[in-house]
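# Structural description and commentary
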Amino acid sequence: MALAAAWGLAGLLLLLAGLSLFQRDLWRACEAFVAFALLMALAWLLLGAPWLALAETLLGALLTGGSLLWTLRGRGALPRLAPVDETARRARFSAPLRWLLILGWLGLTGLALVWLLGPEALTPPRSTSTLLAATGVPIMGLGLWAFAAQRHLLRRLLAFNLLGSGVFLLLGGLAAPAAAATAEVRALILIGLMIALLGSVLGAALLLRLHAQAGQVTLNPLFKARSNAGSGSGMAPGSGMISTR
Amino acid sequence: MSATPFHLLWLLGAPLALGLLAWVRPPRHSGLVLLVGLPLPLVAVWLLLGLEKGPMAGRLALGPLMLHWRFDGLAALLLLLTQLLLLASALYATDYARATRLGRHAYAGLWPLLGGLALGLGLIWIAADLLLLYAGLELMGLCAVGLMLLPGSNAALSAGLRYLLFALVGSLAWLLGIALLLGAGGRLDLAGLAALTEPEPVIRIALALLTSGLLLKAAIFPLHSWLAPVHGSAWTPVSAIHGALVVKAAFFILLLLWRALLPKAIAGAWALGALGSLAVLWGGLQAARAAGLKQLVAWSTVGQLGYLMLAFPLLAGTGADVATMAWQATWLQLGGHALAKAALFMAAGNLVLATGADRLTALTGTSRRLPLAWMTFGLAAVTLMGLPPSAGFTAKWLWLQAALTAGQWPWVVVLALGTLLSAIYVFRVLRCAFVETGPEGDPEPALKPALKPEPGLGPALKQEPRPKPELKPGPELKPGPKPELKPGPKPAPELRPASGQKPALEPRRPPLGMELVALALALAALALGLAAAWPLALLPAVASPPAGVR
């Protein structure tokens, strides 16, 4: 029964992760992230860590998700970001080094998992913790891909948060059998959640400042946002497509 | 196992408490900062002297959590270095705030972030488990990002955001490595991990992930791209503490982990040494090409960090004498470079402040008007280049000896080339100072022609940025004013490019306090070379196990 629930949960997690990365409407993407964080809290409950579930709800869903949503509906002096992401993705094969890093990251993790779990790793997992740890890998993959391929900074913050969630799942799932270090593992995840929160809040605030001062929503000043307020983009609409790295 | 030393806890927490206090009421005078801050290095010295009885180690229980710490000679020395540099940076910052009229809120924000940075660094120096290391690393990283963002300009925001993204991804790679180690061994303390040998492939993979995260944070060669832009726009005291300590902390953890987990992994250690060699060459080349003074200093950090990476191949699987020499050289280089780099950043900041421009061309002929700043720059550069009385020289000498004894000749070549490159970029700057007839008529491009040739053409070309008919040989190259040799003192305005926003003025002298702090640090780097025996005697032996209690 618990395993069936875990399968359902894993599927939903993957679905929402994909939604929050591929949705062009940024508001919906952030909403999908909030839902994803709430499901993560459920996953912690399944792994028997109610305090972590509470922390995930509070830090992950409420504060991190809230701060990301706030960049889209910010009031006051700062203009909000355009709701639809119109920056071009980076050319797919523009940076072989980046792809090497992504594949290396995933490949190494997969290899280590196979080694740790033995032949069981290649069959459908039978315990909740293994299943959730295994779910962490594709989520990390999605996050890494989006982090490398996207230019919009809000999307990269989302991708970072998803990548982090994947790592936390792997950490929680792998360490669950080793009962000796449970408190340490939870402390690690808690610190990780706080870092993700602080990083997201700082990143979101910076993004808004950058947008207000220079009309930028990417790290590259050439890719100006075409916000609905029309703030400072003197560029032709198509010029954002030119790859200038 | 020792009882929890409360003076150690006090020393860790005090900077943060002082920082929060200064946030509420930012100090206006450096005298006050000196008075309040001076006890911190003194306590660090007291702790260091208290270590005669041997290293301390212990566990701290926080509810169900068990935190492992250790406190040996190395940790005490690094703690002392941290407190000294922090004090210097704080002293510099008060004068800097007045001289450059920093925004009130931004200036107030400097203090708690500096305090948090000190706490994070302190945790890293004493940590003996991965949890504490993680907490310290993240605290330090976030505070460093915050410090870099304080100027608030577009360039600072953009560079800071890039730094933030890099740091965050680096910390996730680190966390993933920890997850795999936990899956393999189920514990986090370094002593327990050092005893862990099975399953070896998983440990290797975990260490590879941990290493990549740390290389990102330490700005080692292929992952260094965030460093130079971030320094270009940061405040001088922040740049000083960042270049001196923050990147070194990541290196410290890296060395700690490799020695605990895979002390005999020769291939991996050679790979790290090769990355370091590339960093030395690439950082040196970029510094030799840099057009701005702060950029040049930042690129030289990339190069100097590369030297530290030579520790890995020389420590892994070599004989006891080689390992001892490499071990001592590493820490000596770390300390010497930390002091010298802070001094160099401060001297560069003073020069930029005095001339009002960051470009090297704007420095032309300022040596007579800013003798103190140039003397500091020269003294700090002595350590960077590794000329005799400095810590840099002793460290390089030890490395050379170790590499020759071990028969690892590639590092000898790297050391020689690196020294040559650093001499090139240092003398390129000093030349700008002493050449009297600068870019008259053609403002910007005095250096541009030299920058045009492809980078592949090698350093030889860069030695000649422009024809030098007016450069007098001999006496002019010494620091110090020699007006009687000149045909007649030319006023500065004609020498400086007209493109600056401000009307060209006589370079105004930076406040004396700023110059003295920088000079003191540069002299300390030299003194460390002269009195290297004392800190080296306090270092733990290279063969001693890296961690405390089981």
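Residues numbered from 1 in each chain as written. Chains lettered and ligands numbered in written order. Predicted model: local features only at pLDDT ≥ 70, side-chain atom pairs only at ≥ 80, totals over all residues. Heavy atoms only, no water.

Bringing the pattern of salt bridges into the picture now. All names here are of chain B. Using the criterion set out here, one finds 3 salt bridges over all chains in the structure. For R98, the salt bridge is made with D95, and the minimal N-O distance between the two is 3.0 Å. Taken as a pair, R98 and D95 lie in helix α4 (residues 73-100) at a separation of 3 residues, close to a single helical turn. Judged by its relative accessible area of 46%, R98 is partly exposed. Overall, D95 belongs to the buried group, its relative accessible area being 7%. Of the charged contacts, one joins K217 and E138 as a salt bridge, the two residues approaching to 3.4 Å between their closest N and O atoms. Of the two residues, K217 is situated in helix α9 (residues 200-218) and E138 in helix α6 (residues 130-149); the sequence distance between them amounts to 79 residues. (Salt bridge = Lys/Arg side-chain N within 4 Å of Asp/Glu carboxyl O. Helix = DSSP H or I, 4+ residues; strand = E, 2+ residues; numbered from the N terminus. Buried < 20%, exposed > 50% of the residue type's maximum accessible area, 1.4 Å probe, protein only.)

Caution is warranted with low-pLDDT regions, since their predicted coordinates should not be read in detail. Summarising the model, chain B shows a mean pLDDT of 80, and 85% of its residues fall at 70 or more. Every residue in residues 439-504 of chain B scores below 50 in pLDDT, and together they form 82 contacts with partners more than four places removed in sequence or on other chains. (pLDDT = per-residue confidence, 0-100. Contact = heavy atoms within 4.5 Å.)

For helix α13 (residues 293-309) of chain B, built from 17 residues, the straight-helix expectation of 24 Å at 1.5 Å per residue is met to within 8% by its first-to-last C-alpha distance of 25 Å. The buried fraction of α13 of chain B is high, at 16 of 17 residues. (Expected span 1.5 Å × (residues − 1).)

Bringing the interface of chain B and chain A into the picture now. Facing the 38 residues of chain B at the interface are 43 residues of chain A. Counting the surface chain B buries against chain A, the share from its top three residues, L161, L165 and L172 of chain B, is 15%. Between chain B and chain A we count 0 salt bridges in total. Counting across the interface, chain B meets chain A through 1 residue pair in polar contact (both at pLDDT 80 or more). Going through the elements one at a time, β2 (65-71), α6, α7 (154-185) and α9 of chain B are the ones with two or more residues in the side of chain B that touches chain A. Sort the elements by how many residues they give to the side of chain B that touches chain A and α7 of chain B lands first, with 19 residues. In the side of chain B that touches chain A, the residues fall into 30 nonpolar, 6 polar and 2 charged. (Buried area = accessible area lost by both parts, 1.4 Å probe. Polar contact = N/O pair within 3.5 Å; in protein donor to acceptor, adjacent residues only side chain to side chain. Nonpolar A, V, L, I, M, F, W, Y, C, P; charged D, E, K, R; others polar.)

All names here are of chain B. At their nearest, the axes of helix α15 (residues 320-355) and helix α17 (residues 391-406) sit 8 Å apart, and the two run at 155° to each other. Of the possible angle classes, the one that applies to α15 and α17 is roughly antiparallel. Two packed elements cross with a definite hand, and for α15 against α17 that hand is left-handed. Contacts between α15 and α17 involve D321, V322, M325, A326, Q328, A329, T330, L332, Q333 and G336 from the former and A391, G392, T394, A395, L398, W399, Q401, A402, T405 and A406 from the latter. Across the contact of α15 with α17, the residue classes break down as 11 nonpolar, 8 polar and 1 charged. (Axes fitted to C-alpha atoms, helices over the stretch in contact; angles between N-to-C directions. Parallel < 35°, antiparallel > 145°, perpendicular 65-115°, else oblique. Left-handed = near helix turned anticlockwise from the far one by under 90°.)

A few words on the nonpolar core. All names here are of chain B. Counting residues in hydrophobic clusters, the biggest one holds 283 residues, and the most contacted among them are F71, L85, L110, L117, W125, L130 and W174. If one sorts the elements of this core by residue count, α15 sits on top with 23 residues. Once you skip the residues sitting within four places of it in the chain, L110 turns out to touch A93, L147, L150, W235 and V238. (Core = buried A, V, L, I, M, F, W, Y, C linked by side-chain atoms within 4.5 Å.)

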